[in-house]
Amino acid sequence: MTFLALDVGNTRLKWAQYDSAAAGAGLLAHGAVFLENIDKLAEEEWSTMPAPSKILGCIVAGDAIKRRVAEQMELWDVVPRWVVSSPQEAGLTNGYDHPARLGADRWVAMIGARHRLLRRGINKPCIVVMVGTAVTVEAIDATGKFLGGIILPGHGIMLRALESGTAGLHVPTGDVRDFPTNTSDALTSGGTFAIAGAVQRMVENITRHCGEAPACIMTGGAGWKMAPSMSVQVELVESLIFDGLLEIASRRFGA
Ligand SMILES: Nc1ncnc2c1ncn2[C@@H]1O[C@H](COP(=O)(O)OP(=O)(O)O)[C@@H](O)[C@H]1O
Ligand SMILES: CC(C)(COP(=O)(O)O)[C@@H](O)C(=O)NCCC(=O)O
Ligand SMILES: [K+]
């Protein structure tokens, strides 16, 4: 059997095909497409792929996108399953006021992070950072309870908001500097420090709450851009959402 995992965000659809639906499964193929290009998946990337036996994904894009993704999968005779955040899954407890309202990508990434640590025998609090269209920073305690998390604008949204709300901030991308001395560097550094500072604050919050410093795992399309500028130690794990989907799939579908 092969397993297709999907992560549909507000900017890109990411997919990965595995040789089974189990943690540690072998990766057969993977790709990412901007949402404006999803209508070509069936005739391009997916056209030569053997039909998956199971499909599980998380989607936070709107219903119109969801329908367009489903259309591309009509190529195969498989009903795709979408993760909905629940009060409990794969050993995690969801502390959100309304568990189902938590973005499915956030829930799946947390499941991936928790099991990644447990597999290494690490049972301590954890911060999960996801740097995509938006940035999310989640806090999980040592028992696997999701305590809560924050949402802030991603780099692109921050810059576009500043550009559209001012007259004098239309400048090329700059560099991250401790003390920026031009507009480009000031904007790029501002966005980067906003994200790095938010993560540092959540690390402080959870350390105070749990009495123990957390492990910190980061993922998302722009994670590699943030990694060099973080003020706390983070582990960059590009596959975190897929790792989470494999954990959920192994429990739902069996190995
Ligand atoms: N090679 C790349 N392709 C696409 N986006 C990239 C790339 N490198 C960095 N990014 C950044 O990552 C963000 C998209 O990340 P992604 O995790 O796909 O977001 P989402 O899950 O919200 O769709 C974009 O806002 C963009 O700034
Ligand atoms: C926070 C998000 C917009 C992040 O989206 P992304 O950057 O991955 O495209 C998404 O997880 C979402 O729509 N969440 C629902 C609201 C919530 O989690 O509280
Ligand atoms: K995402």
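Numbers given to residues run from 1 along each chain, matching the order in which its sequence is written. As they are written, the chains are lettered A onward and the ligands numbered 1 onward, keeping that order. Residue-level local features of this predicted model are given only where pLDDT is at least 70; pairs of side-chain atoms are given and counted only at 80 or more, and the full residue set underlies all totals for whole chains, interfaces and linings. Side-chain metrics rest on all non-hydrogen atoms present in the structure, leaving aside hydrogens and water.

Visitor: Could you clarify how one ought to interpret the packing of helix α2 (residues 104-119) against helix α6 (residues 240-253) in this entry?
Guide: The geometry of a pair of packed helices is captured by two quantities: the angle between their axes and the separation between those axes. The geometry of α2 relative to α6 is characterised by a closest axis approach of 7 Å and an angle of 85° between their N-to-C directions. Our classification of the angle between α2 and α6 gives roughly perpendicular. Contacts between α2 and α6 involve Asp-105, Val-108, Ala-109, Ile-111, Gly-112, Ala-113, His-115, Arg-116 and Arg-119 from the former and Leu-240, Ile-241, Asp-243, Gly-244, Leu-245, Glu-247, Ile-248 and Arg-251 from the latter. As a rule, the C-alpha atoms of each element are fitted with a line to give its axis, helices using only the stretch in contact, and angles between N-to-C directions run from 0 to 180 degrees. Strands here mean DSSP runs of E at least two residues long; helices mean DSSP runs of H or I at least four residues long; both are numbered from the N terminus. What sets the label is the angle itself: under 35 degrees gives roughly parallel, over 145 gives roughly antiparallel, 65 to 115 gives roughly perpendicular, and the rest give oblique. Contact definition: two residues touch when any of their heavy atoms are within 4.5 Å.

Visitor: Looking at this structure, how should I read the UniProt feature "binding site: substrate" (unreviewed entry) in the protein chain?
Guide: UniProt positions are given in the numbering used here, feature names are shortened, and annotations may be inferred rather than shown by experiment. The UniProt record annotates "binding site: substrate" (unreviewed entry) at Tyr-96, Gly-103, Ala-104, Asp-105, Arg-106 and Thr-183. A maximum C-alpha distance of 39.0 Å shows the annotated residues, which cover 88 residues in sequence, to be distributed over more than one spot. Setting aside residues up to four positions removed in sequence, Ala-104 forms contacts with Cys-58, Val-60, Val-83 and Ser-85. Its location among the elements puts Asp-105 in helix α2. Relative accessible area serves as the criterion here: at 15%, Asp-105 is assigned to the buried category. Those residues in contact with Asp-105 that sit more than four places away from it in its chain are Asp-7, Cys-58, Val-60, Met-130 and Ile-241. Relative accessibility thresholds used throughout: buried, under 20% of the residue-type maximum; exposed, over 50%; partly exposed, between the two (1.4 Å probe, protein chains only).

Visitor: When you look at the site of ligand 2 in this model, what are you seeing that I'm missing?
Guide: In this text, near means that some heavy atom of the residue lies within 4 Å of the molecule or strand in question. Around ligand 2 sit 14 residues, and of these Asn-10, Tyr-96, Gly-103, Asp-105 and Arg-106 come closest. Whenever a nitrogen or oxygen atom comes within 3.5 Å of another N or O atom, the pair is scored as a polar contact, on the condition that within protein one atom can donate a hydrogen and the other can accept it, and that pairs from neighbouring residues in sequence are kept only if both atoms are in side chains. Within the side chain of Asn-10, a nitrogen or oxygen atom sits 2.8 Å from an oxygen atom of ligand 2. Here an oxygen atom of ligand 2 sits 2.7 Å away from a polar atom, N or O, in the side chain of Arg-106. What sets the accessible areas is the Shrake-Rupley method with a 1.4 Å probe; for residues, cover comes only from the shown protein chains. In isolation ligand 2 exposes 470 Å². Once the protein is present, 76% of that is buried. Class assignment for the residues of the shell around ligand 2 results in five nonpolar, six polar and three charged. Note on residue classes: Ala, Val, Leu, Ile, Met, Phe, Trp, Tyr, Cys and Pro are nonpolar, Asp, Glu, Lys and Arg are charged, and everything else, Gly too, is polar.

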